[in-house]
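# Breakdown of the fold
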Amino acid sequence: MKLFIVAVGLVILGAWTPKQTNDIDKAAWLIGTWENFTERGKIYETWSKESNNGLSGINYSIKNRDTVVFENIQLVQEKNILFYIPIVKNQNDALPVRFANKINTENPLVFENKQHDFPQVIAYTKINADSLVAEISGIRNGQKQKQTFPMKKIN
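Let me sum up the structure you'll find in this document. Position numbers for residues start from 1 in each chain and track the written sequence from start to end. Totals for whole chains, interfaces and linings use every residue, but because this is a predicted model, local features are given only for residues with pLDDT of at least 70 and side-chain atom pairs only at 80 or more, for both listing and counting. Hydrogens and waters are ignored; side-chain quantities use all the structure's heavy atoms.

Here we take up the overall build of the protein chain. A run of H or I in DSSP counts as a helix once it spans at least four residues, and a run of E counts as a strand once it spans at least two, with each numbered from the N terminus. Assigned secondary structure in the protein chain consists of one helix and ten strands. When its helices and strands are written in sequence order, the protein chain yields α-β-β-β-β-β-β-β-β-β-β. Counting only residues that meet the buried cut, the protein chain has 35% of its 155 residues in that class. In what follows, residue pairs with any heavy atoms lying within 4.5 Å of each other are defined as contacts. Across the protein chain, contacts joining residues at least 24 apart in sequence account for 28% of those joining residues at least 6 apart. A simple rule labels every residue: compare its accessible area, found with a 1.4 Å probe on the protein chains alone, to the largest value its type can have, and call it buried under 20%, exposed over 50%, or partly exposed in between.

Right, let's get into the side chain of Asn101. Looking at where Asn101 falls in the secondary structure, it is placed in strand S6 (residues 99-103). Asn101 sits in the buried class, given a relative accessible area of 19%. In protein, a polar contact means a hydrogen-donor-capable atom and an acceptor-capable atom, both N or O and within 3.5 Å, with residues adjacent in sequence counting only if both atoms are side-chain atoms; elsewhere, any N or O pair within 3.5 Å suffices. In this structure the side chain of Asn101 is engaged in a polar contact, spanning 3.3 Å, whose partner is the backbone nitrogen of Ile103. Beyond its immediate sequence surroundings of up to four residues, Asn101 is in contact with Leu82, Val110 and Phe111.

As a further point, take the sheet that holds strand S3 (residues 54-63). By way of backbone hydrogen bonds, the strands of a sheet pair with one another, either parallel or antiparallel. The ten strands are arranged S1-S2-S3-S4-S5-S6-S7-S8-S9-S10 in a closed barrel whose pairing can be described as antiparallel. Each neighbouring strand pair of the sheet contributes to a mean axis angle of 25 degrees, computed without reference to strand direction. Strand pairing follows a simple DSSP-based rule, namely that at least 2 bridges must link the two strands. Where strand S2 (residues 41-51) and S3 come together, seven bridges link them in antiparallel fashion. Residue Ser51 lies in a different strand from S3, and its bridge partner there is Gly54. A fitted line through C-alpha atoms serves as each axis, taken over the contacting stretch for helices, and the angle formed by two N-to-C directions is quoted from 0 to 180°.

Moving on: the environment of Thr38. Along the chain, Thr38 turns up in strand S1 (residues 32-38). On a C-alpha basis, the gap between Thr38 and Pro150 in space is 9.8 Å, while along the polypeptide they are 112 residues apart. For Thr38, the side chain forms a polar contact with the main-chain nitrogen of Arg40, separated by 3.1 Å.

Okay, structure coming up:
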């Protein structure tokens with residue numbers, strides 16, 4: 001009888017225990033390859049699931065059949081915080097820079113690092129299943145600046 005009471009108590013306690021959410025799931029819509037048309041040609045960003053707590057991304061172009069990588073990105077959940085961690089070619093001594101999730105929503109995904117030179121904010125806004133706008137913004141040389149990158153999903 002005592003074992004039954006303990007088992008029932010554990011079931012009830014488990015039902016009352018708050019569920020830990022996996023915020024990385026909110027970013028799953030990024031998975032795939034996205035294309036942006038620029039004055040210098042096409043730029044691609046490809047996202048894939050790396051683990052239950054992370055996505056990996058790569059920002060690149062293709063020149064003469066060669067892939068030119070601009071940025072490697074990790075999107076990882078550590079405890080209850082989602083981090084966007086880019087390593088940008090020829091910036092920050094090739095060291096990762098961490099941006100913390102600013103708004104805990106699926107859309108938009110907004111990350112912030114107020115100590116970074118530029119950008120301080122990185123955002124991805126899903127327009128529909130095959131369209132998004134990536135945006136970097138912040139203060140540079142004392143001026144507010146923003147750059148937007150509309151992208152179409154190609155696979």
